Amino acid sequence: MAKPTIRFKGYTEDWEQRKFGEITELKSASRVHKDEWTSNGVPFYRSSDVMAAINGTENEKAYISEELYEKLSKVSGKLEEGDILVTGGGSVGNPYIVPDNKPLYTKDADLLWIKNKGKFHPYFLYEFFFSPTFRNYLGSISHVGTIAHYTITQLSDTPICLPSFEEQKEVGEYFQSLDNLITLHHRKCEETKILKKYMLQKMFPQDGQKVPEIRFKGYTEDWEQRKLSELATMHARIGWQNLRTSEFLDAGDYMLITGTDFEDGKVNYSTCHYVEKERYDQDKNIQIKNGNILITKDGTLGKVAYVEGLSLPATLNAGVFNVEVKDENETDSKYLFQFLKAPFLMDYVSKKATGGTIKHLNQNILVDFPIATPSKAEQVRIGEYFSNLDNLITLHQRKCEELKNIKKFMLQNMFV
């Protein structure tokens with residue numbers, strides 16, 4: 001008998017520990033051979049279908065004929081709304097709630113079948129399989145750290161602590177609302193990414209055109225093609241000045257930015273190291289200021305970051321270009337950042353690559369990179385528009401992570 005650390009008001013009774021085999025009927029489907037699969041008919045679920053449902057991805061569907069379904073169901077029974085399927089092979093111990101009473105069949109041994117029979121709130125049971133309580137138990141029954149198969153016998157012996165059905169309902173619906181919010185923010189994030197990709201194709205001139213397909217009202221002038229070297233300067237740390245890792249400091253007054261500190265088009269200052277003042281003073285051309293644009297030239301090529309919110313003097317290590325606008329009255333730095341961050345740069349670089357692969361982004365390639373350039377006022381509008389899309393993407397990503405952290409904490413504290 002036990003109680004969770006966190007529970008809803010009004011519930012004080014101990015939770016009762018039982019084994020699955022003591023509570024309800026556990027089943028496995030009759031064997032279906034692969035040559036019996038069809039291209040349509042009754043959905044035939046495997047562990048990969050359950051994982052696709054959990055991850056929100058698409059999986060190649062399999063089916064069996066209605067005649068075979070009816071024949072096999074006479075032996076194994078039919079899945080019903082609220083029953084739970086648990087993966088027994090592949091990534092084991094992952095659940096799926098049967099959503100309705102529509103015909104559905106499963107692969108034997110690949111999916112274990114828990115008959116609900118009104119004993120469980122489906123979402124309570126679903127979330128139990130993600131809880132540390134179950135995950136730790138799953139680890140304990142493996143001799144090698146990772147269990148390859150989770151059998152119906154092991155499921156039967158698996159302990160579970162159960163509250164009243166009313167409390168199960170409260171817990172289940174709480175986690176269901178969290179999952180719905182996570183899904184919502186993930187979907188909004190993906191939709192915004194798709195919108196941005198579409199607008200990058202439409203708001204910049206394509207294939208030698210002088211104007212884009214979509215632009216803000218009031219702008220009618222042709223765009224001009226300029227070279228990056230005409231609009232900005234580009235500098236990187238000179239080879240003999242490269243820093244050794246032994247010179248990296250964990251704290252200090254002079255920040256060191258490397259390509260590994262780039263995160264979603266920004267610099268993650270919390271991951272940056274520091275250097276001595278003499279290293280910062282060594283090259284004024286790579287002393288970083290807000291509004292500068294950074295591009296990785298080694299490792300993962302062409303990653304771009306816009307510098308803002310910088311509160312300390314900063315310099316670059318090797319492998320990163322510092323791109324600085326020459327004339328702010330002519331070129332908007334946020335517009336230039338968005339243009340460099342778009343696929344245009346890497347498409348250009350790949351065409352310049354010899355032997356199919358380019359390992360270093362050389363300055364002599366970058367200087368001639370063509371930039372489609374409207375008036376400064378139109379640049380500002382476009383730069384702001386794409387910055388707002390980036391902020392929306394970041395917002396939804398951050399919300400997703402926050403909700404996932406809340407869920408992880410609650411899974412640790414709302415199950416026994």
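Visitor: When you look at the packing of helix α7 (residues 165–202) against helix α13 (residues 376–413) in this model, what are you seeing that I'm missing?
Guide: Packed helices, taken two at a time, are described by the angle their axes make and the gap between the axes. Where α7 meets α13, the closest approach of the two axes is 9 Å, and the angle between their N-to-C directions is 160°. Relative to α13, the element α7 is oriented roughly antiparallel. Read as a crossing pair, α7 and α13 show a hand that is left-handed.

Visitor: Would you take a moment to explain the pairing of strand β3 (residues 42–45) for this structure?
Guide: Bridge count for β3 against strand β4 (residues 63–64) is 2 bridges, and the pairing is antiparallel. Paired with V42 across the bridge in β4 is I64. The sheet contact formed by β3 and strand β7 (residues 105–106) spans 2 bridges and is parallel. Looking at β7, one finds that F44 is bridged to Y105.

Visitor: Honestly, helix α3 (residues 66–76) in this entry has me stumped. Any pointers?
Guide: The α-helix winds at 3.6 residues per turn, so residues separated by three or four positions along the chain end up facing the same way. Buried within α3 we find L68, Y69, L72, S73 and S76. An end-on view of α3 places all buried positions within 125° of arc, on one side of the element. Set apart from the buried face of α3 by more than 90 degrees, the exposed residues are E67, K71 and K74. The elements touched by buried residues of α3 are β2 (26–27), β3, β4, β7 and β8 (111–114). In the stretch just after α3, G77 is the one whose phi turns positive, near 90°.

Rules of the game
Residues numbered from 1 in each chain as written. Predicted model: local features only at pLDDT ≥ 70, side-chain atom pairs only at ≥ 80, totals over all residues. Heavy atoms only, no water. Axes fitted to C-alpha atoms, helices over the stretch in contact; angles between N-to-C directions. Helix = DSSP H or I, 4+ residues; strand = E, 2+ residues; numbered from the N terminus. Parallel < 35°, antiparallel > 145°, perpendicular 65-115°, else oblique. Left-handed = near helix turned anticlockwise from the far one by under 90°. Pairing = 2+ DSSP bridges. Buried < 20%, exposed > 50% of the residue type's maximum accessible area, 1.4 Å probe, protein only. Arc of directions from axis to C-beta. Contact = heavy atoms within 4.5 Å.

The values reported here are purely geometric and, on their own, carry no functional implication.
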